[in-house]
Amino acid sequence: MTARANRIATLTDAAIELIADGGMRALTHRAVDGRAGLPPGTTSAYLRTRQALIEAVVGRLAERDRADLAAYDLPTGPPTPAPRLDSDDLDALAAGVAEVLDRWLSVGRSRSLTRYACLLEAVHRPELRGILQHGTGLRVQARDLLTRAGATDPDRQGDQFVAFVDGLLFDRLAGAGALSAPQPGTPASRADLSAAVRTLLRALTGT
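Here the structure is a predicted model, which means the values were calculated and not measured. (Residues numbered from 1 in each chain as written. Predicted model: local features only at pLDDT ≥ 70, side-chain atom pairs only at ≥ 80, totals over all residues. Heavy atoms only, no water.)

Asker: Would you take a moment to explain the packing of helix 1 (residues 3–22) against helix 2 (residues 29–36) for this structure?
Answerer: How two helices pack is summed up by the angle between their axes together with the distance between the axes. Running from N to C, helix 1 and helix 2 point in directions that differ by 105°, and their axes come no closer than 8 Å. By the angle class used here, helix 1 and helix 2 are roughly perpendicular. Contact residues: Thr-10, Leu-11, Ala-14, Ala-15, Glu-17, Leu-18 and Asp-21 in helix 1; Ala-31, Val-32, Arg-35 and Ala-36 in helix 2. Looking at the contact of helix 1 with helix 2 residue by residue, the class counts come to seven nonpolar, one polar and three charged. (Axes fitted to C-alpha atoms, helices over the stretch in contact; angles between N-to-C directions. Helix = DSSP H or I, 4+ residues; strand = E, 2+ residues; numbered from the N terminus. Parallel < 35°, antiparallel > 145°, perpendicular 65-115°, else oblique. Contact = heavy atoms within 4.5 Å. Nonpolar A, V, L, I, M, F, W, Y, C, P; charged D, E, K, R; others polar.)

Written as structure tokens, this is what we have:
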């Protein structure tokens, strides 16, 4: 990673924490400088506009999400030819997805809150709609996985899988599910999430 890339990573990590703590209104160039412990003007020197700052934050979120997916052996790149998935494979996939979701609810909670805040910002600012493209990779992978699992309509069902899992994450993070679900970061949380994801995969594939 270059020196510039390292500095932008530092700034965007600070911005992620700011947004998680105070929402999009808390995001200013000066506030990012302060949270990152850098001299005033540093953020604006690298990311001159608010739009550039938000886009850099979304890029950093995607980068760190890909690292999490790779750590749990979940696919992150273009689909490649692979053997058909059986029931045991889907059990393992559900457990892997649950591990990532639990991480995003616990140690990655700030990133999850910031991701949703950025998406809502894009709803009201058409010039930021491009940030939605960062979610297309997961849909491509889900379509490939469901194709290999024998789903009858993998393109549509792959998109549904991602949408349902995203809804599960949001429910546990900010919805009513936060009141009754097991504490994030615990074996009980991972087991509960795994059961939910496996139920979804079973419904989509009939396995």
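Asker: I tried to follow the pattern of salt bridges on my own but got confused; where do I start?
Answerer: Pairing of side chains with opposite charge becomes possible as their charged atoms draw close. Summed over all chains, the structure comprises 19 salt bridges. With a shortest N-O distance of 3.8 Å, Arg-139 and Asp-159 are connected by a salt bridge. Taken together, the residues span a long stretch of sequence, with Arg-139 in helix 7 (residues 136–148) and Asp-159 in helix 8 (residues 154–174) at a distance of 20 residues. One connected set of salt bridges, linked through shared partners, spans Asp-65, Asp-68, Arg-103, Arg-111 and Arg-115. (Salt bridge = Lys/Arg side-chain N within 4 Å of Asp/Glu carboxyl O.)

Asker: Honestly, the packing of aromatic side chains in this entry has me stumped. Any pointers?
Answerer: In total, this model carries one aromatic pair according to the counting rule given. Measuring from ring centre to ring centre gives 5.0 Å for Tyr-116 and Phe-170, while their planes differ by 85°; the resulting arrangement is edge-to-face. Pair noted here: Tyr-116 is in helix 6 (residues 109–124) and Phe-170 is in helix 8, with a separation of 54 residues, a long-range link. For Tyr-116, a relative accessible area of 11% puts it in the buried group. Its guanidinium or amino end placed over the ring of Trp-104, Arg-115 lies 5.0 Å from that ring's centre, counting from NZ or CZ. (Phe/Tyr/Trp six-rings, centres within 6.5 Å; stacked < 30°, edge-to-face > 60°. Buried < 20%, exposed > 50% of the residue type's maximum accessible area, 1.4 Å probe, protein only. Lys NZ or Arg CZ within 6 Å of the ring centre and 35° of its normal.)

No statement about biological role is implied by the geometric values presented.
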